[in-house]
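The lines below spell out each chain.
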Amino acid sequence: MLTVALPKGALLQESIELFQSIGLDFSAFLAPGNRQLQIADPTGQAQGLLVRAQDVPVYVEYGQAQLGIVGYDVLREKQPNVAQLVDLQFGYCRMSVAVPQNSAYRSARQLPPHSRVASKFVHCAHDYFYGQLDLPVEIITLYGSVELGPITGMSEAIVDLVSSGRTLKENGLVELEVLYESTARLVAHPLSYRLDIDSTRQWVQSVKAQLGQTESLEQG
Ligand SMILES: Nc1ncnc2c1ncn2[C@@H]1O[C@H](COP(=O)(O)OP(=O)(O)OP(=O)(O)O)[C@@H](O)[C@H]1O
Ligand SMILES: O=P(O)(O)OC[C@H]1O[C@H](OP(=O)(O)OP(=O)(O)O)[C@H](O)[C@@H]1O
């Protein structure tokens, strides 16, 4: 039976709608008060696992799920060994550097060496500052509410996801640079995809057909 890892949070609703559109119903995860983390599709063709967004590639890499939906940002951060198959065209956001509105810095390059940068995406932040800018900064790991870094004076800047821009605005921050843009991706366990275990390929084809896509990203 096909197993699908679904991300809790911002991508869940649209992930469930996508699978519904190809005949797999995991909407029981959205029922008020649901605490079940593993549910069977009523047709008996598949089961869904409800996992933290960052854990989706882990379940797929270890083969506990043949397919999963995860943000490109998580793939950039964690570099998991999964096949990246389809850009699902929802969950748009961008990874950006931001500073307080009243900051003197107008570009990330202007931040002084050894400035502090708070982020949940420490590898992305490191690649950008050390790899692209050659600017040695101190990266502080946080797991959420990253905007509080500059507000409390703990850091000069943040690297975080921006979608509508509302969180930055309401916390007095401005975006300086965009590192990259992100959307939700359909990923697969590479061997399951190659060997077509549990008809993985057919389900991937159905997703692509639903989105009107013929090209595959196909990065292993
Ligand atoms: N404001 C947003 N608008 C649209 N998509 C977003 C937004 N924030 C995050 N995303 C996308 O949704 C994914 C999941 O984000 P979400 O905020 O639900 O989980 P998380 O809190 O980052 O994950 P975890 O609980 O594992 O720490 C992100 O990886 C990103 O691709
Ligand atoms: O530009 P916006 O539309 O306002 O969205 C951006 C916010 O969404 C994400 O936060 P999330 O809700 O995941 O909370 P957390 O990371 O702070 O836990 C991200 O970390 C930003 O804080």
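The following paragraphs examine the structure supplied in this document. Since the model is a prediction, treat every value here as computed from it, not as a measurement.

## What about the overall build of the protein?
When helices and strands are counted, the protein shows eight helices and 11 strands. Considering only C-alpha atoms, the protein reaches an extent of 60 × 35 × 30 Å along its principal axes. Out of the 220 residues belonging to the protein, those deemed buried represent 48%. Contacts in the protein between residues at least 24 apart in sequence constitute 66% of all its contacts with a sequence separation of at least 6. Carbon and sulfur atoms make up 47% of the accessible area of the protein, which amounts to about 10,900 Å² in all. The protein carries 16 positive and 23 negative side-chain charges, and their two centres are separated by 3 Å.

## Description of the site of ligand 2
Close to ligand 2 lie Lys120, Gly144, Ser145, Glu147, Asp160, Leu161, Val162, Ser163, Ser164, Gly165, Arg166 and Thr167, which account for all nearby residues. A distance of 3.3 Å is found between an oxygen atom of ligand 2 and a side-chain nitrogen or oxygen belonging to Lys120. Taken by itself ligand 2 offers 490 Å² of open surface, and the protein chains cover 62% of this. Here ligand 2 is seated within the largest pocket. For the shell around ligand 2, the elements supplying multiple residues, two or more each, are strand 9 (157-162) and helix 6 (166-170). The biggest single contributor to the shell around ligand 2 is strand 9, with three residues. Grouping the amino acids of the shell around ligand 2 by side-chain chemistry returns two nonpolar, six polar and four charged.

Calculation criteria
- As a convention, each chain's residues are numbered from 1 in the sequence order in which they are written.
- Here chains are named by letter from A upward and ligands by number from 1 upward, in the order in which they appear as written.
- Side-chain atom pairs in this predicted model are given and counted only at pLDDT of 80 or more, local residue features only at pLDDT of at least 70, and totals for whole chains, interfaces and linings cover all residues.
- Excluding hydrogens and water, the side-chain values take into account all heavy atoms of the structure.
- Helix and strand assignments come from DSSP, with helices taken as H or I runs of at least 4 residues and strands as E runs of at least 2, each series counted from the N terminus.
- Buried, partly exposed and exposed residues are distinguished by accessible area as a fraction of the type maximum, computed with a 1.4 Å probe on protein chains only: under 20%, between the cut-offs, and over 50%, respectively.
- Contact criterion: two residues are considered in contact whenever any of their non-hydrogen atoms come within 4.5 Å of each other.
- Reported accessibility uses the Shrake-Rupley method at a 1.4 Å probe radius. Residues are deemed covered only where the shown protein chains occlude them.
- Charged-residue counts in this description rest on Lys and Arg as positive and Asp and Glu as negative, His and the chain ends being excluded.
- Lys charges are placed at NZ, Arg charges at CZ, Asp charges at CG and Glu charges at CD.
- For each residue, the test is whether any non-hydrogen atom lies within 4 Å of the molecule or strand; if one does, the residue is near.
- Identification of polar contacts relies on pairs of N or O atoms within 3.5 Å, with a donor-acceptor requirement for protein atoms, meaning one able to donate a hydrogen and the other able to accept it, and with residues adjacent in sequence counted only if both atoms are side-chain atoms.
- Of the grid points, spaced at 1 Å and generated over the protein atoms alone, those admitting a 1.4 Å probe that cannot get out make up cavities, while open sets with protein on both sides within 12 Å along at least five of seven lines make up pockets; any residue with an atom within 4 Å of a point is treated as lining.
- The rule for placing a molecule in a cavity or pocket is simple: more than half of its atoms must lie within 2 Å of the grid points.
- In this count, Pro and Cys sit with the nonpolar residues alongside Ala, Val, Leu, Ile, Met, Phe, Trp and Tyr, while Asp, Glu, Lys and Arg are called charged and the others, Gly among them, polar.

Just geometry here; none of it tells us what the structure is for.
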